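# Report on the structure
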Amino acid sequence: PILTETFDSLGVDLPITTKIIIFISEFLKNNALISIALVILFLMTAFWVLRTALGRKIKEVALLKTPILGELMRKVNSARTARTLSSLLSSGVDMIEAITITEEVLQNSYYKKVLHDARERVTKGVTLSDVLSEHEDLYPVLVHEMIAVGEETGKLGEMLEELAQFYEREVEQATKNLSTIIEPILMTIIGALVGLFAYSMITPLYSVLEGI
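Along each chain, residue indices are assigned from 1 in the same order as the chain's sequence is written. Restriction of local features to residues with pLDDT of at least 70 applies here, the model being predicted, together with a cutoff of 80 or more for giving and counting side-chain atom pairs; totals for whole chains, interfaces and linings are based on all residues. As a rule here, side-chain values cover all heavy atoms of the structure and leave hydrogens and water aside.

## Examining the overall build of the protein chain
Per the convention used, a helix needs a DSSP run of H or I reaching at least four residues, while a strand needs a run of E reaching at least two, with both numbered from the N terminus. For the protein chain, the helix and strand inventory stands at ten helices and zero strands. Its helices and strands in sequence order give the protein chain the pattern α-α-α-α-α-α-α-α-α-α, from N to C terminus. Between the two quantities, the radius of gyration covers C-alpha atoms and the globule rule is 2.2 Å times the number of residues to the power 0.38. The C-alpha radius of gyration of the protein chain comes to 27 Å, more than 25% above the 17 Å expected for a compact globule of 212 residues. Each principal axis of the C-alpha atoms in the protein chain carries an extent, and together these give about 85 × 30 × 25 Å. Burial classes follow relative accessibility: with a 1.4 Å probe on protein chains only, a residue under 20% of its type's maximum area counts as buried, one over 50% as exposed, and anything between as partly exposed. Here the protein chain holds 212 residues, and the buried ones make up 29% of them. Taking contacts inside the protein chain between residues at least 6 apart in sequence as the whole, the part at least 24 apart equals 55%. Surface accessibility of the protein chain: about 13600 Å² in total, with carbon and sulfur atoms responsible for 67%. We count Lys and Arg on the positive side and Asp and Glu on the negative side, and we leave His and both chain ends out. Throughout, a charge is located at the NZ atom of Lys, the CZ atom of Arg, the CG atom of Asp or the CD atom of Glu. On the protein chain, the mean spot of the 19 positive side-chain charges and the mean spot of the 27 negative ones are 4 Å from each other. In what follows, a contact means two residues having at least one pair of non-hydrogen atoms within 4.5 Å. Where accessible areas are quoted, they stem from the Shrake-Rupley method and a 1.4 Å probe; at the residue level, only the protein chains shown are allowed to cover.

Okay, here's the thing in structure tokens:
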């Protein structure tokens, strides 16, 4: 506010970034209640949208396409798929029923669709590994290769158990590393915002000094 008054009194030609910051500052100062209401409305709208079918798909696509989070999501769903199938098959549940239950366990609609397709095609004699090999964007190559070995050797339950343990360790390690990765990203973003603010406030002052 003090710098804004200074700029107004001197009649300085302000850069666009400075004008934007001053506009936001003035709006928040003069419309505090409206600003709070807009934030609450935005959060409620975002929460409502994410609960709709379209919102869930947008969230799922965003998570899968984000470089770091996407890889983590693939590992989480691979671990969950392998763990559920392994437990069910080891308990004597037949393959079709095991796939059906696993489909219900998974939350991501893209993975649900893959397992729904797998259930239909396994019923017709196609192997589970062949179905998953067509979806390497969701299930890593290791998943269908390990399942193929299990199908060939008759030890599918054991292979799925090893696969589940492997990806559960991967998820645990990735989660630990996530904070290390996020910290420099947040510092960079905060630094850029502070730098932009400083640039927007200092540039008009230099213009004043040059004119003296």
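Anyway, onward from the coordinates.
## Remarks on the packing of aromatic side chains
Each Phe, Tyr or Trp ring, with Trp reduced to its six-membered ring, pairs with another whose centre is within 6.5 Å; inter-plane angles below 30 degrees give stacked pairs, above 60 give edge-to-face pairs, and intermediate values give tilted ones. This model, assessed by the stated rule, comprises three aromatic pairs. An angle of 85° between the planes, with centres 5.0 Å apart, marks the rings of Tyr111 and Tyr139 as edge-to-face. Note that Tyr111 is positioned in helix α7 (residues 109–123) and Tyr139 in the loop between α8 (128–132) and α9 (141–153), a separation of 28 residues in sequence. Neither residue differs from the other here; Tyr111 and Tyr139 are each classed as buried. If you follow Lys57 out to its NZ or CZ, it ends over the ring of Tyr110, 5.0 Å from the centre. Cation placement over rings: the criterion is NZ of Lys or CZ of Arg within 6 Å of the ring centroid and within 35° of the ring normal.

## Focus: the side chain of Ser129
If you trace the backbone, Ser129 turns up in helix α8. There is a polar contact of 3.3 Å between the side chain of Ser129 and the side chain of Thr127. If sequence neighbours within four positions are ignored, Ser129 has contacts with His144, Ile147, Ala148 and Glu151. Polar contact criterion, stated in full: a pair of N or O atoms within 3.5 Å, where within protein one must be able to donate a hydrogen and the other to accept it, and residues adjacent in sequence count only if both atoms are side-chain atoms.

## A closer look at a nonpolar patch on the surface
Distance thresholds for patches are 9 Å for like charges and 5 Å for nonpolar side chains (Val, Leu, Ile, Met, Phe, Trp, Tyr), applied to residues having over 30% relative accessible area and no salt bridge. For this analysis, a salt bridge means a side-chain nitrogen from Lys or Arg found within 4 Å of a carboxyl oxygen belonging to Asp or Glu. A cluster of nonpolar residues, Ile16, Ile20, Phe23, Ile24, Phe27, Leu28, Ile34, Leu38 and Leu41, forms a patch on the protein surface that exposes about 880 Å² of accessible area. Mapped onto the nonpolar patch, the elements with two or more residues apiece are α2 (16–30) and α3 (32–51). Per-element tally for the nonpolar patch: the top contributor is α2, with six residues. With respect to the helices, strands and loops of the structure, Ile20 is situated in helix α2. By relative accessible area, Ile20 is classed as partly exposed at 45%.

## Description of the nonpolar core
By size, the foremost hydrophobic cluster in this structure holds 27 residues, and its most contacted members are Leu128, Tyr139, Ile147 and Leu163. Of all elements in the fold, only α5 (67–90), α6 (95–105), α7, α8, α9 and α10 (156–211) reach the threshold of two or more residues within this core. The element contributing the most residues to this core is α10, with six residues. What Leu128 contacts, discounting residues up to four positions off in sequence, is Leu85, Met95, Ile99, Ala118, Val122, Ile147 and Glu151. If you look at the next biggest cluster of nonpolar residues, it comprises five residues, including Phe7, Leu14, Ile21 and Ile22. Throughout this description, the term nonpolar core refers to a set of buried Ala, Val, Leu, Ile, Met, Phe, Trp, Tyr and Cys residues connected via side-chain atoms within 4.5 Å.

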